[in-house]
Amino acid sequence: GLLVTPNFRLSIQQIFWQQMIVDLRLSYADLNQAMSVNYVGLAMGCVLFIPLAKKYGRRPVYIVSTAIMLATSFWTARIVNLAELYITNLLQGLAGATNEAIAEITV
């Protein structure tokens, strides 16, 4: 369907970098660093969410991570500075970790 999967959300930001440079007055170095923060979120999310999925089940973890991804996707449309870009990228990385790691333990 039309629901944007976390995988897609994590890989689409680079398409909009030219417009983000104009709108947010950022450099490519700033945007590269923001993507690095996203990857830190992915790494931390794997460590955080896999034990939670094993203890509480995969469904609640999927629901929470999808809610985080949805909220940060809306927030990303309204960011006005680099700090917000870092925070949204970190949270999107955390939420996207379920798609990257927990999906592999789902039968």
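Residues numbered from 1 in each chain as written. Predicted model: local features only at pLDDT ≥ 70, side-chain atom pairs only at ≥ 80, totals over all residues. Heavy atoms only, no water.

## Observations concerning helix α2 (residues 17-24)
(1) Moving on: Among the residues of α2, Trp17, Met20 and Leu24 are the ones counted as buried. End-on, the buried residues of α2 take up no more than an arc of 55°, which puts them together on one face. Projecting away from the buried face of α2 at angles above 90 degrees are the exposed residues Gln18 and Val22. (Buried < 20%, exposed > 50% of the residue type's maximum accessible area, 1.4 Å probe, protein only. Helix = DSSP H or I, 4+ residues; strand = E, 2+ residues; numbered from the N terminus. Arc of directions from axis to C-beta.)

## Re the packing of α2 against helix α3 (residues 28-56)
(1) Moving on: Packing of α2 against α3 leaves a shortest axis separation of 10 Å and a crossing angle of 115°. Relative to α3, α2 is oriented roughly perpendicular. Here the hand of the crossing between α2 and α3 comes out right-handed. Taken together, the residues of α3 that come into contact with α2 (itself represented by Trp17, Gln18, Met20 and Ile21) are Tyr28, Leu31, Asn32 and Met35.
(2) Moving on: Along the lines of polarity and charge, the residues of the contact of α2 with α3 split into six nonpolar, two polar and no charged. (Axes fitted to C-alpha atoms, helices over the stretch in contact; angles between N-to-C directions. Parallel < 35°, antiparallel > 145°, perpendicular 65-115°, else oblique. Left-handed = near helix turned anticlockwise from the far one by under 90°. Contact = heavy atoms within 4.5 Å. Nonpolar A, V, L, I, M, F, W, Y, C, P; charged D, E, K, R; others polar.)

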